[in-house]
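Examining the three-dimensional arrangement
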Amino acid sequence: MKILVATEKPFAAIAVEGIKKAASEAGADIVMLEKYTDKNQLLTAVRDVDALIVRSDIVDKAVFDAARSLKIVVRAGAGYDNIDLAAATAAGVCVMNTPGQNANAVAELVIGMLIYAFRNRFNGTSGKELKGKTLGLHAFGNVGRNVARIAKGLGMNVVAYDAFCPKEVIEKEGVKAVDSVEELFSGSDIVSLHIPATEQTRGSINHSLMDIMPKGATLVNTARKEVINEHDLIEWLTARADVQYLADIQPLCHEQLLQLCPDRYFATPKKMGAQTAEANINAGIAAARQIIDYLKNGNERFRLN
Ligand code: 3PG
């Protein structure tokens, strides 16, 4: 059994060790392709492998065409918008993700970015506290739940809207469930986005939501840049000097926003929500184990197609 780990953005070394150990215990071989710069390197490396572990790496029809022995791809992480599920299904390849494994890392980054922004980027001037502020979570999946847990510890009021999660489930976590996305945006000092990038959500964070946020509002995006309507984001930040946007993913309009409102816009240089040793270990080893369990025992838990 040959497993390729193809990561443009590599896992921490300790996670790679863990993946190799999990594989060797099951008699599988690991092949590493890290920090590759050319898609052809992936197309060559994938040629004779049974399984593939990726992060945000694009796995499209070209990859499935090149990978003649491929049986399973595991996205070591939550969002799988980088994988062409239809092409995988057509090629007879199983696709899985590892939900929850990196959620705490992303949640800690949300809170870290908020403290950084609310304390004026540690420039020594008087900032603001998070305690007592209302934090609205747009979706209550694994990341949203972890943000809620930490935010409650900080004394924040946490509310959430999730079209797919029953209200009782949200309220059991001590979080107020609101009835609509509009109610979430209009009633929260801070909105943190935790929706996936899908056909329905692309561009869904638009002027009709941003405009109803209260005075002094903060919008945090550690989800995907595609969910934001960037035209509306620019207009919002132009029209309102009281609001700010914090992102773990640089929008296409990054340079424009830096020019427009450098004090009210912050984005990490590279997506780094899941960039912790712990998240890499959790997601990487889970991916290896899921592959082994699928190939040896046919376990399809976490299958996406
Ligand atoms: C995810 O979807 O799991 C996160 O966005 C992390 O993505 P990454 O593995 O590319 O850092």
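Shown above is the structure to which this text applies.
Residues numbered from 1 in each chain as written. Predicted model: local features only at pLDDT ≥ 70, side-chain atom pairs only at ≥ 80, totals over all residues. Heavy atoms only, no water.

Scanning all chains against the criterion turns up 10 salt bridges. Between Asp65 and Lys61 there is a salt bridge, with the nearest N and O atoms lying 2.9 Å from each other. One end of the pair is Asp65 and the other is Lys61, both in helix α3 (residues 61-66) and 4 residues apart, which spans about a single turn. Here Lys225 makes a salt bridge to Glu226, at a shortest N to O gap of 3.9 Å. Taking the relative accessible area as the measure of exposure, Glu226 reaches 32% and is therefore partly exposed. (Salt bridge = Lys/Arg side-chain N within 4 Å of Asp/Glu carboxyl O. Helix = DSSP H or I, 4+ residues; strand = E, 2+ residues; numbered from the N terminus. Buried < 20%, exposed > 50% of the residue type's maximum accessible area, 1.4 Å probe, protein only.)

If you walk across this open sheet you meet the 7 strands as β8-β7-β6-β9-β10-β11-β12, and the pairing is parallel. Edge positions in the open sheet fall to β8 (176-177) and β12 (265-267), since each of these has one partner strand only. Bridge count for strand β6 (residues 134-138) against strand β9 (residues 190-193) is 4 bridges, and the pairing is parallel. Residue Leu135 lies in a different strand from β9, and its bridge partner there is Ile190. Its contacts with the sheet put helix α5 (residues 103-118) on β9, β10 (218-221), β11 (244-247) and β12, and the angle it makes with β11 is roughly 145°. (Pairing = 2+ DSSP bridges. Contact = heavy atoms within 4.5 Å. Axes fitted to C-alpha atoms, helices over the stretch in contact; angles between N-to-C directions.)

Now for the packing of α5 against helix α6 (residues 142-153). The contact between α5 and α6 brings their axes to 8 Å, and the two run at 50°. What the angle tells us is that α5 and α6 run oblique. In this structure, the crossing between α5 and α6 has a hand that is right-handed. Seen from α5, the contacting residues are Ala103, Asn104, Val106, Ala107, Glu108, Val110 and Ile111; seen from α6, they are Asn142, Val143, Asn146, Val147, Arg149, Ile150 and Ala151. (Parallel < 35°, antiparallel > 145°, perpendicular 65-115°, else oblique. Left-handed = near helix turned anticlockwise from the far one by under 90°.)

On to the nonpolar core. Among the nonpolar cores identified, the biggest contains 32 residues, and Phe185, Leu193, Ile205, Leu219, Ile228 and Tyr245 are the most heavily contacted of them. At the level of secondary structure, the elements contributing two or more residues to this core comprise β7 (157-161), α8 (181-186), β9, α9 (207-210), α10 (230-239), β11 and β12. Top contributing element to this core by residue count: α10, with 4 residues. Dropping the residues within four chain positions of it, Phe185 is found in contact with His138, Val191, Leu193, Ile205, Leu209, Met210, Ile212, Met213, Pro214 and Leu219. One finds Phe140, Val158, Ala160 and Leu246 within the second-largest nonpolar core, a separate group that totals 30 residues. (Core = buried A, V, L, I, M, F, W, Y, C linked by side-chain atoms within 4.5 Å.)

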